[in-house]
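Chain and residue survey
Chain by chain, the residues:
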Amino acid sequence: MDQVVSALKAARAEGKGAMELASISREELGPAFGAISFIASFRLAFGIPLPVLQRAHAWRGFGWGGVQISDEEFVAILSPWLIER
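All figures in this text were calculated on a predicted structure; none of them were measured in a lab.

To continue, consider the environment of Gly17. With respect to the helices and strands, the residue Gly17 is situated in the loop between helix H1 (2–13) and helix H2 (18–29). Residue Gly17 is classed as partly exposed on the basis of its relative accessible area, which comes to 27%. For Gly17 and Val75, which are 58 residues apart along the polypeptide, the C-alpha to C-alpha distance reads 7.6 Å.

As structure tokens, then:
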């Protein structure tokens, strides 16, 4: 998980957005990628509150089925925590 968190932080520093970061998380985690690992990696990397990540994991880009949110909503709910501070 440390490697994923480092990759996410580095990508954010390069200006990558929410959807790009989600793809990086998926690539880094490989077969271990899932709702829990997505939530854990973004929480550790960016300190995003759990309720926000619980909503974000419904992003249609993940293809997990059920109720899905759009690209726009995914970006909108994560962006406040992805701004360099």
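For the structure on display, the rule yields 10 aromatic pairs. With centroids separated by 5.1 Å and ring planes inclined at 80°, the aromatic side chains of Trp59 and Phe62 adopt a geometry described as edge-to-face. Classification of Phe62 as buried rests on a relative accessible area of 6%. Clustering of aromatic rings is evident, with ring pairs tying together Phe33, Phe38, Phe42, Phe46, Trp59, Phe62, Trp64 and Phe74.

Turning our eyes to something else, we now look at the nonpolar core. Within the largest apolar cluster, 26 residues are counted, with the highest numbers of intra-cluster contacts made by Phe38, Phe42, Phe74 and Leu78. If you list the elements that add at least two residues to this core, you get H1, H2, helix H3 (35–46), helix H4 (50–56) and helix H5 (71–82). When residues no more than four places from it in sequence are discounted, the contact partners of Phe42 are Leu8, Ala18, Leu21, Ala22, Ser25, Gly47, Ile48, Leu53 and Leu78.

This part is about the packing of H1 against H3. Between two packed helices, both the angle of their axes relative to each other and the distance between the axes serve to describe the pair. Look at H1 against H3: their axes get within 9 Å of each other, and the N-to-C directions meet at 60°. Considered as vectors, H1 and H3 are oriented oblique to each other. The crossing of H1 and H3 is right-handed. Of the residues in H3, those in contact with Val4, Val5, Leu8, Lys9 and Arg12 of H1 are Ser41, Phe42, Leu44, Ala45 and Phe46.

Here we come to the pattern of salt bridges. One pass over the structure, following the stated rule, counts 2 salt bridges. For Arg60, the salt bridge goes to Asp71, with nearest N and O atoms at 2.9 Å. Taken together, the positions of Arg60 in the loop between H4 and H5 and Asp71 in helix H5 put the pair 11 residues apart, joining distant regions of the chain.

Moving on, we get to H1. Because an α-helix packs 3.6 residues into every turn, residues spaced three or four apart end up facing the same way. A rise of 1.5 Å per residue sets the reference length of H1, with its 12 residues, at 16 Å; its end C-alpha atoms lie 17 Å apart and thus fit the reference within 8%. The secondary structure elements touched by the buried residues of H1 are H2, H3 and H5. Downstream of H1 by one or two residues, Gly15 has phi in the positive range, about 95°.

What counts as what
- Residues numbered from 1 in each chain as written.
- Predicted model: local features only at pLDDT ≥ 70, side-chain atom pairs only at ≥ 80, totals over all residues.
- Heavy atoms only, no water.
- Helix = DSSP H or I, 4+ residues; strand = E, 2+ residues; numbered from the N terminus.
- Buried < 20%, exposed > 50% of the residue type's maximum accessible area, 1.4 Å probe, protein only.
- Phe/Tyr/Trp six-rings, centres within 6.5 Å; stacked < 30°, edge-to-face > 60°.
- Core = buried A, V, L, I, M, F, W, Y, C linked by side-chain atoms within 4.5 Å.
- Contact = heavy atoms within 4.5 Å.
- Axes fitted to C-alpha atoms, helices over the stretch in contact; angles between N-to-C directions.
- Parallel < 35°, antiparallel > 145°, perpendicular 65-115°, else oblique.
- Left-handed = near helix turned anticlockwise from the far one by under 90°.
- Salt bridge = Lys/Arg side-chain N within 4 Å of Asp/Glu carboxyl O.
- Expected span 1.5 Å × (residues − 1).

Treat this as a map of the structure, not an account of what it does.
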